[in-house]
Amino acid sequence: MKHLLSISDLTLEEIEDILKMAGKLKEDRYRNRVSDYLRNKSLAMIFEHPSTRTRISFEVAMADLGGHALYLSWNDLQLGRGETIKDTAMVMARYVHGVVIRARKHETVEEFARYSERPVINGLSDLEHPCQVLSDLFTIGEYKGNYRDLTITWVGDGNNVCNSLVLASAIVGMKMVVSTPDNYRPREDIIKKAKEAYGGDIVVEPDPKKAVENADIIYTDVWVSMGMDNEKEDRIRNFKGYQVNQSLVDKSKDDVIVMHCLPAHRGEEITSEVLEGTHSVVLDQAENRLHVQKAILVKLMSDIEFEE
Ligand code: CP
Ligand code: NVA
(Lines give C-alpha, C1' and ligand atoms only; values in the text may rest on other atoms or scores of the structure.)
(Ligands and ions follow the chains in the order given, each with its own letter.)
Protein backbone atom coordinates (compact mmCIF):
# COMPACT_ATOMS: atom_id res chain seq x y z
CA MET A 1 0.00 0.00 0.00
CA LYS A 2 1.25 3.42 -0.90
CA HIS A 3 0.07 6.98 -0.34
CA LEU A 4 0.17 9.93 -2.75
CA LEU A 5 0.87 12.96 -0.57
CA SER A 6 3.53 14.64 -2.70
CA ILE A 7 4.27 14.27 -6.39
CA SER A 8 7.72 13.14 -5.22
CA ASP A 9 6.12 10.02 -3.72
CA LEU A 10 6.15 8.72 -7.30
CA THR A 11 9.15 7.71 -9.38
CA LEU A 12 9.47 8.72 -13.02
CA GLU A 13 8.49 5.16 -13.98
CA GLU A 14 5.38 5.29 -11.80
CA ILE A 15 4.39 8.67 -13.26
CA GLU A 16 4.79 7.35 -16.78
CA ASP A 17 2.81 4.26 -15.88
CA ILE A 18 -0.06 6.37 -14.50
CA LEU A 19 -0.10 8.65 -17.55
CA LYS A 20 -0.12 5.68 -19.91
CA MET A 21 -2.96 4.08 -17.98
CA ALA A 22 -4.82 7.42 -18.03
CA GLY A 23 -4.60 7.46 -21.82
CA LYS A 24 -6.21 4.03 -22.00
CA LEU A 25 -8.93 5.01 -19.53
CA LYS A 26 -9.63 8.21 -21.49
CA GLU A 27 -10.07 6.16 -24.63
CA ASP A 28 -12.36 3.73 -22.79
CA ARG A 29 -14.60 6.60 -21.76
CA TYR A 30 -14.68 8.13 -25.23
CA ARG A 31 -15.60 4.75 -26.73
CA ASN A 32 -18.17 3.98 -24.04
CA ARG A 33 -16.18 0.95 -22.93
CA VAL A 34 -16.77 -0.26 -19.38
CA SER A 35 -13.65 -0.10 -17.20
CA ASP A 36 -14.98 -1.23 -13.83
CA TYR A 37 -11.63 -1.98 -12.24
CA LEU A 38 -12.80 -0.84 -8.80
CA ARG A 39 -16.06 -2.75 -8.55
CA ASN A 40 -17.30 -2.92 -4.96
CA LYS A 41 -14.59 -0.55 -3.76
CA SER A 42 -15.35 2.64 -1.83
CA LEU A 43 -13.45 5.92 -1.67
CA ALA A 44 -13.91 8.44 1.15
CA MET A 45 -13.29 12.06 0.17
CA ILE A 46 -12.73 14.44 3.08
CA PHE A 47 -12.82 18.16 2.29
CA GLU A 48 -11.73 20.88 4.67
CA HIS A 49 -11.88 23.42 1.78
CA PRO A 50 -14.45 23.72 -1.04
CA SER A 51 -13.86 22.03 -4.41
CA THR A 52 -15.46 21.76 -7.83
CA ARG A 53 -13.00 19.84 -10.02
CA THR A 54 -11.36 17.55 -7.45
CA ARG A 55 -14.64 16.52 -5.90
CA ILE A 56 -16.54 15.93 -9.13
CA SER A 57 -13.70 14.23 -10.99
CA PHE A 58 -12.97 11.78 -8.16
CA GLU A 59 -16.66 11.08 -7.64
CA VAL A 60 -17.31 10.42 -11.34
CA ALA A 61 -14.06 8.45 -11.58
CA MET A 62 -15.25 6.04 -8.89
CA ALA A 63 -18.66 5.69 -10.56
CA ASP A 64 -17.06 4.97 -13.96
CA LEU A 65 -14.73 2.42 -12.36
CA GLY A 66 -17.69 0.58 -10.83
CA GLY A 67 -17.03 1.79 -7.29
CA HIS A 68 -18.53 4.29 -4.90
CA ALA A 69 -17.38 7.63 -3.52
CA LEU A 70 -18.48 9.38 -0.32
CA TYR A 71 -18.20 13.16 -0.10
CA LEU A 72 -17.44 14.06 3.51
CA SER A 73 -17.22 17.65 4.56
CA TRP A 74 -14.84 18.12 7.51
CA ASN A 75 -17.44 19.78 9.70
CA ASP A 76 -20.04 17.09 9.07
CA LEU A 77 -17.67 14.49 10.46
CA GLN A 78 -16.87 14.13 14.16
CA LEU A 79 -13.51 15.66 13.17
CA GLY A 80 -15.33 18.98 13.26
CA ARG A 81 -16.17 18.33 16.94
CA GLY A 82 -12.67 17.31 17.94
CA GLU A 83 -12.38 13.58 17.18
CA THR A 84 -8.70 13.00 16.45
CA ILE A 85 -7.29 12.54 12.98
CA LYS A 86 -5.69 9.32 14.22
CA ASP A 87 -8.99 7.78 15.35
CA THR A 88 -10.78 8.95 12.22
CA ALA A 89 -8.10 7.45 9.96
CA MET A 90 -8.07 4.13 11.80
CA VAL A 91 -11.86 3.81 11.76
CA MET A 92 -12.28 4.88 8.16
CA ALA A 93 -9.86 2.20 6.97
CA ARG A 94 -12.36 -0.38 8.29
CA TYR A 95 -15.00 0.90 5.86
CA VAL A 96 -13.33 2.17 2.70
CA HIS A 97 -10.53 1.13 0.36
CA GLY A 98 -8.96 4.56 -0.10
CA VAL A 99 -9.19 8.16 1.09
CA VAL A 100 -8.82 11.50 -0.68
CA ILE A 101 -8.22 14.37 1.69
CA ARG A 102 -8.12 18.11 1.01
CA ALA A 103 -6.81 19.89 4.09
CA ARG A 104 -5.74 23.36 5.13
CA LYS A 105 -2.42 22.06 6.44
CA HIS A 106 -0.21 19.49 4.77
CA GLU A 107 0.59 18.09 8.23
CA THR A 108 -3.05 17.00 8.49
CA VAL A 109 -2.74 14.95 5.31
CA GLU A 110 0.51 13.42 6.58
CA GLU A 111 -0.97 12.60 9.97
CA PHE A 112 -4.00 10.99 8.36
CA ALA A 113 -1.76 8.86 6.14
CA ARG A 114 0.40 7.84 9.11
CA TYR A 115 -2.56 6.14 10.75
CA SER A 116 -4.46 4.94 7.69
CA GLU A 117 -4.26 1.31 6.64
CA ARG A 118 -5.65 2.37 3.26
CA PRO A 119 -4.03 4.51 0.57
CA VAL A 120 -4.38 8.24 1.18
CA ILE A 121 -4.36 10.73 -1.72
CA ASN A 122 -3.65 14.43 -1.21
CA GLY A 123 -6.53 16.30 -2.86
CA LEU A 124 -4.69 19.63 -2.21
CA SER A 125 -2.96 21.00 0.85
CA ASP A 126 -1.20 24.29 1.52
CA LEU A 127 2.03 22.61 0.35
CA GLU A 128 1.14 20.53 -2.73
CA HIS A 129 -1.46 19.47 -5.27
CA PRO A 130 -0.06 16.26 -6.77
CA CYS A 131 -3.24 15.12 -8.60
CA GLN A 132 -3.38 18.47 -10.39
CA VAL A 133 0.18 18.33 -11.68
CA LEU A 134 -0.05 14.69 -12.72
CA SER A 135 -3.07 15.64 -14.83
CA ASP A 136 -1.15 18.65 -16.13
CA LEU A 137 1.72 16.43 -17.26
CA PHE A 138 -0.84 14.35 -19.16
CA THR A 139 -2.26 17.49 -20.82
CA ILE A 140 1.23 18.73 -21.71
CA GLY A 141 1.93 15.33 -23.26
CA GLU A 142 -1.24 15.59 -25.35
CA TYR A 143 -0.28 19.02 -26.71
CA LYS A 144 3.50 18.76 -26.91
CA GLY A 145 4.11 15.03 -27.32
CA ASN A 146 6.60 14.84 -24.46
CA TYR A 147 8.11 16.83 -21.56
CA ARG A 148 11.83 16.75 -22.25
CA ASP A 149 13.34 19.83 -23.87
CA LEU A 150 10.27 21.86 -22.92
CA THR A 151 10.25 24.99 -20.79
CA ILE A 152 7.36 25.69 -18.45
CA THR A 153 7.13 29.20 -17.02
CA TRP A 154 5.18 29.85 -13.86
CA VAL A 155 3.87 33.42 -13.48
CA GLY A 156 2.29 34.64 -10.23
CA ASP A 157 2.17 33.11 -6.76
CA GLY A 158 4.66 30.35 -5.89
CA ASN A 159 1.93 28.35 -4.18
CA ASN A 160 0.92 24.70 -3.63
CA VAL A 161 0.40 23.99 -7.35
CA CYS A 162 3.71 25.69 -8.15
CA ASN A 163 5.55 23.62 -5.50
CA SER A 164 4.26 20.38 -7.02
CA LEU A 165 5.10 21.60 -10.50
CA VAL A 166 8.68 22.42 -9.46
CA LEU A 167 9.11 18.82 -8.30
CA ALA A 168 7.21 17.32 -11.25
CA SER A 169 9.26 19.26 -13.81
CA ALA A 170 12.47 18.08 -12.21
CA ILE A 171 11.32 14.45 -12.10
CA VAL A 172 10.30 14.36 -15.78
CA GLY A 173 13.22 16.49 -17.04
CA MET A 174 11.37 19.66 -18.03
CA LYS A 175 12.98 23.09 -17.49
CA MET A 176 11.00 25.37 -15.18
CA VAL A 177 11.24 29.15 -14.98
CA VAL A 178 9.57 30.69 -11.95
CA SER A 179 8.48 34.33 -12.10
CA THR A 180 7.02 35.59 -8.83
CA PRO A 181 7.45 38.65 -6.63
CA ASP A 182 10.36 38.11 -4.20
CA ASN A 183 8.26 37.24 -1.18
CA TYR A 184 6.04 34.78 -3.03
CA ARG A 185 8.52 32.26 -4.38
CA PRO A 186 7.90 28.53 -4.18
CA ARG A 187 9.39 26.90 -1.08
CA GLU A 188 13.19 27.02 -0.98
CA ASP A 189 13.38 23.46 0.38
CA ILE A 190 11.31 22.26 -2.58
CA ILE A 191 13.53 24.03 -5.12
CA LYS A 192 16.55 22.54 -3.34
CA LYS A 193 15.04 19.06 -3.43
CA ALA A 194 14.12 19.45 -7.12
CA LYS A 195 17.70 20.38 -7.94
CA GLU A 196 19.55 17.99 -5.65
CA ALA A 197 17.41 14.87 -5.77
CA TYR A 198 16.39 15.05 -9.46
CA GLY A 199 18.90 17.37 -11.11
CA GLY A 200 16.08 19.81 -11.87
CA ASP A 201 16.70 22.85 -14.07
CA ILE A 202 14.80 25.48 -12.07
CA VAL A 203 15.45 29.14 -12.85
CA VAL A 204 14.09 32.11 -10.92
CA GLU A 205 13.39 35.15 -13.15
CA PRO A 206 11.42 37.87 -11.37
CA ASP A 207 10.62 39.73 -14.61
CA PRO A 208 7.63 37.95 -16.21
CA LYS A 209 8.35 39.41 -19.65
CA LYS A 210 11.81 37.84 -19.69
CA ALA A 211 10.52 34.67 -18.04
CA VAL A 212 8.04 33.83 -20.83
CA GLU A 213 10.42 34.51 -23.73
CA ASN A 214 11.26 30.85 -24.42
CA ALA A 215 8.24 29.26 -22.77
CA ASP A 216 6.44 26.31 -24.32
CA ILE A 217 3.95 26.49 -21.49
CA ILE A 218 2.82 29.46 -19.38
CA TYR A 219 1.10 28.43 -16.13
CA THR A 220 -0.64 30.64 -13.60
CA ASP A 221 -2.93 30.25 -10.61
CA VAL A 222 -4.90 32.54 -8.31
CA TRP A 223 -3.08 35.24 -6.34
CA VAL A 224 -5.16 34.46 -3.24
CA SER A 225 -5.33 30.75 -2.48
CA MET A 226 -7.88 29.18 -0.17
CA GLY A 227 -7.20 30.07 3.45
CA MET A 228 -5.35 33.29 2.52
CA ASP A 229 -8.29 35.68 2.31
CA ASN A 230 -6.91 37.82 5.14
CA GLU A 231 -3.92 38.68 2.88
CA LYS A 232 -6.13 39.54 -0.10
CA GLU A 233 -5.51 43.30 -0.32
CA ASP A 234 -1.73 42.97 0.05
CA ARG A 235 -1.58 40.18 -2.46
CA ILE A 236 -3.62 41.95 -5.13
CA ARG A 237 -1.28 44.93 -4.74
CA ASN A 238 1.94 42.89 -4.70
CA PHE A 239 1.06 40.78 -7.74
CA LYS A 240 0.38 43.72 -10.06
CA GLY A 241 2.59 43.17 -13.09
CA TYR A 242 2.26 39.38 -12.84
CA GLN A 243 -0.98 39.10 -14.81
CA VAL A 244 -1.08 36.67 -17.72
CA ASN A 245 -2.60 38.92 -20.38
CA GLN A 246 -2.39 39.00 -24.17
CA SER A 247 0.61 41.30 -24.23
CA LEU A 248 2.57 38.83 -22.03
CA VAL A 249 1.49 35.82 -24.10
CA ASP A 250 2.57 37.67 -27.27
CA LYS A 251 6.12 37.84 -25.87
CA SER A 252 6.30 34.05 -25.81
CA LYS A 253 6.56 31.38 -28.52
CA ASP A 254 3.84 31.26 -31.21
CA ASP A 255 2.76 27.78 -30.12
CA VAL A 256 2.86 28.42 -26.36
CA ILE A 257 0.04 26.82 -24.37
CA VAL A 258 -1.51 28.62 -21.39
CA MET A 259 -2.45 26.55 -18.36
CA HIS A 260 -4.40 27.32 -15.19
CA CYS A 261 -5.55 24.75 -12.65
CA LEU A 262 -8.78 26.75 -12.07
CA PRO A 263 -10.73 28.26 -10.42
CA ALA A 264 -9.59 31.45 -12.17
CA HIS A 265 -10.08 34.99 -10.99
CA ARG A 266 -10.55 36.72 -14.32
CA GLY A 267 -8.99 40.16 -14.41
CA GLU A 268 -6.52 39.30 -11.63
CA GLU A 269 -3.93 36.60 -12.45
CA ILE A 270 -5.33 36.07 -15.98
CA THR A 271 -7.55 38.00 -18.37
CA SER A 272 -10.71 36.54 -19.91
CA GLU A 273 -9.14 37.11 -23.31
CA VAL A 274 -6.28 34.73 -22.54
CA LEU A 275 -8.34 32.26 -20.51
CA GLU A 276 -10.67 31.79 -23.46
CA GLY A 277 -8.05 32.50 -26.14
CA THR A 278 -6.50 30.17 -28.70
CA HIS A 279 -3.48 29.30 -26.50
CA SER A 280 -5.57 28.24 -23.50
CA VAL A 281 -5.90 24.53 -22.65
CA VAL A 282 -7.66 24.98 -19.31
CA LEU A 283 -10.75 22.92 -20.11
CA ASP A 284 -8.64 19.97 -21.24
CA GLN A 285 -6.67 20.32 -18.02
CA ALA A 286 -9.87 20.15 -16.01
CA GLU A 287 -11.21 17.18 -17.99
CA ASN A 288 -7.96 15.26 -17.67
CA ARG A 289 -8.26 15.30 -13.88
CA LEU A 290 -10.93 12.63 -14.40
CA HIS A 291 -8.84 10.31 -16.55
CA VAL A 292 -5.61 10.71 -14.60
CA GLN A 293 -7.23 10.32 -11.20
CA LYS A 294 -8.88 7.11 -12.40
CA ALA A 295 -5.40 5.82 -13.16
CA ILE A 296 -4.18 6.93 -9.71
CA LEU A 297 -7.11 5.14 -8.06
CA VAL A 298 -6.55 1.94 -10.03
CA LYS A 299 -2.84 2.06 -9.24
CA LEU A 300 -3.34 2.57 -5.50
CA MET A 301 -6.54 0.61 -4.87
CA SER A 302 -6.30 -2.48 -7.09
CA ASP A 303 -3.79 -5.10 -8.20
CA ILE A 304 -4.46 -4.45 -11.85
CA GLU A 305 -1.44 -3.88 -14.08
CA PHE A 306 -1.97 -2.32 -17.49
CA GLU A 307 -0.29 -4.02 -20.43
CA GLU A 308 1.27 -2.10 -23.33
N1 CP B 1 -8.02 22.68 -9.60
C2 CP B 1 -8.73 22.24 -8.54
O3 CP B 1 -8.25 21.45 -7.73
O4 CP B 1 -10.00 22.73 -8.48
P5 CP B 1 -11.04 22.56 -7.29
O6 CP B 1 -10.59 23.43 -6.16
O7 CP B 1 -12.35 23.01 -7.87
O8 CP B 1 -11.07 21.12 -6.87
N1 NVA C 1 -3.69 27.55 -5.23
C2 NVA C 1 -5.10 27.32 -5.24
C3 NVA C 1 -5.41 26.08 -6.00
C4 NVA C 1 -6.86 25.74 -6.11
C5 NVA C 1 -7.10 24.48 -6.84
C6 NVA C 1 -5.60 27.21 -3.81
O7 NVA C 1 -4.92 26.59 -2.98
O8 NVA C 1 -6.66 27.76 -3.50
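What counts and what doesn't
Residues numbered from 1 in each chain as written. Chains lettered and ligands numbered in written order. Predicted model: local features only at pLDDT ≥ 70, side-chain atom pairs only at ≥ 80, totals over all residues. Heavy atoms only, no water. Phe/Tyr/Trp six-rings, centres within 6.5 Å; stacked < 30°, edge-to-face > 60°. Helix = DSSP H or I, 4+ residues; strand = E, 2+ residues; numbered from the N terminus. Buried < 20%, exposed > 50% of the residue type's maximum accessible area, 1.4 Å probe, protein only. Lys NZ or Arg CZ within 6 Å of the ring centre and 35° of its normal. Axes fitted to C-alpha atoms, helices over the stretch in contact; angles between N-to-C directions. Parallel < 35°, antiparallel > 145°, perpendicular 65-115°, else oblique. Contact = heavy atoms within 4.5 Å. Nonpolar A, V, L, I, M, F, W, Y, C, P; charged D, E, K, R; others polar. Near = heavy atom within 4 Å. Polar contact = N/O pair within 3.5 Å; in protein donor to acceptor, adjacent residues only side chain to side chain. Areas by Shrake-Rupley, 256 points an atom, 1.4 Å probe, with all protein chains shown as cover. 1 Å grid on protein atoms, 1.4 Å probe; cavity = no way out; pocket = protein on both sides within 12 Å on 5 of 7 lines; lining within 4 Å. Sits in = over half its atoms within 2 Å of the grid points. Pairing = 2+ DSSP bridges. Right-handed = clockwise from strand over helix to strand, strands pointing away. Points joined across faces, edges and corners; volume = space filled by probe spheres on them.

1. What about the packing of aromatic side chains?
Argument step 1. Inspection of every chain in the model, using the stated rule, returns 4 aromatic pairs.
Argument step 2. Ring centres of tryptophan 154 and tyrosine 219 lie 5.0 Å apart, and the angle between their planes is 20 degrees; on these two criteria the pair is classed as stacked. Of this pair, tryptophan 154 sits in strand S5 (residues 151-155) while tyrosine 219 sits in strand S8 (residues 217-220); the two residues are 65 residues apart in sequence, bridging distant segments of the chain. For the residue pair tryptophan 154 and tyrosine 219, the accessibility class agrees, reading buried in each case.
Argument step 3. When the ring of tyrosine 184 is compared with that of phenylalanine 239, the centres are 4.6 Å apart and the planes differ by 45 degrees; the resulting orientation is tilted. Here the residue tyrosine 184 occupies a position in the loop between strand S6 (175-179) and helix H7 (188-198), and phenylalanine 239 occupies one in the loop between helix H9 (232-238) and helix H10 (246-249), the gap between them amounting to 55 residues.
Argument step 4. Here tyrosine 184 falls in the buried class, since its relative accessible area comes to 12%.
Argument step 5. Classification of phenylalanine 239 as buried rests on a relative accessible area of 0%.
Argument step 6. Site record: aromatic cluster; members linked through ring pairs are Tyr184, Trp223 and Phe239.
Argument step 7. Of note, arginine 55 hangs over the ring of tyrosine 71, and the distance from its end group to the ring centre comes to 3.6 Å.

2. Some words on the packing of helix H6 (residues 160-172) against H7
Argument step 1. With their axes 9 Å apart at the nearest point, H6 and H7 run at an angle of 10 degrees to one another. In terms of axis orientation, H6 runs roughly parallel to H7. Every residue of H7 that contacts H6 at Asn163, Val166, Leu167, Ala170 and Ile171 is listed here: Ile190, Ile191, Lys193, Ala194 and Tyr198.
Argument step 2. Class assignment for the residues of the contact of H6 with H7 results in 8 nonpolar, 1 polar and 1 charged.

3. As for the site of ligand 1
Argument step 1. Close to ligand 1 lie Ser51, Thr52, Arg53, Thr54, Arg102, His129, Gln132, Cys261, Leu262 and Arg289.
Argument step 2. The separation between an oxygen atom of ligand 1 and a polar side-chain atom of serine 51 is 2.7 Å.
Argument step 3. A distance of 3.0 Å separates a nitrogen atom of ligand 1 from a polar side-chain atom of glutamine 132.
Argument step 4. With the chains in place, 96% of the 260 Å² that ligand 1 exposes on its own is no longer accessible.
Argument step 5. The cavity where ligand 1 resides is the second largest pocket.
Argument step 6. Looking at the shell around ligand 1, its residues break down into 2 nonpolar, 5 polar and 3 charged.

4. Description of the site of ligand 2
Argument step 1. The full set of residues close to ligand 2 is Leu124, Asn159, Asn160, Asp221, Val222, Ser225, Met226 and Leu262.
Argument step 2. For ligand 2, an oxygen atom lies 2.8 Å from a polar atom in the side chain of asparagine 160.
Argument step 3. Residue methionine 226 places a main-chain N or O atom 2.8 Å away from an oxygen atom belonging to ligand 2.
Argument step 4. Cavity membership is defined here by more than half of the atoms lying within 2 Å of grid points; on that basis ligand 2 lies in the second largest pocket.

5. Description of the sheet that holds strand S4 (residues 120-122)
Argument step 1. An order of S2-S1-S3-S4 is seen for the 4 strands of this open sheet, with the pairing classed as parallel. Across the chains shown, the open sheet's two edge strands, defined by having one partner strand only, are strand S2 (68-73) and S4. The sheet shows a mean angle of 20 degrees between the axes of neighbouring strands, taken without regard to direction.
Argument step 2. Here strand S3 (residues 98-102) runs beside S4; their pairing, made up of 3 bridges, is parallel. Residue valine 100 lies in a different strand from S4, and its bridge partner there is isoleucine 121.

6. Some details on the pairing of strand S1 (residues 42-47)
Argument step 1. A large share of S1 lies buried, amounting to 6 of its 6 residues.
Argument step 2. Neither face of S1 is open: one carries Ser42, Ala44 and Ile46, the other Leu43, Met45 and Phe47, and all of them are buried.
Argument step 3. Read from S1 through helix H2 (residues 53-64) to S2, the crossover connection turns out right-handed.
Argument step 4. As judged from the 5 bridges shared by S1 and S3, these two strands associate in the parallel manner. Bridge pairing in S3 places phenylalanine 47 opposite arginine 102.

7. Notes on the layout of surface pockets
Argument step 1. A volume near 490 Å³ is recorded for the largest pocket.
Argument step 2. Around the largest pocket, the lining is made up of 24 residues, and of these Asp126, Leu127, Asn159, Asn160 and Met228 lie nearest the centre.
Argument step 3. Elements represented by at least two residues in the lining of the largest pocket include exactly helix H4 (106-115) and H6.
Argument step 4. Across the lining of the largest pocket, the residue classes break down as 6 nonpolar, 10 polar and 8 charged.
Argument step 5. Within this model, the second largest pocket holds a volume of roughly 360 Å³.
Argument step 6. Listed by contribution, the elements that provide at least two residues to the lining of the second largest pocket are H2 and H6.

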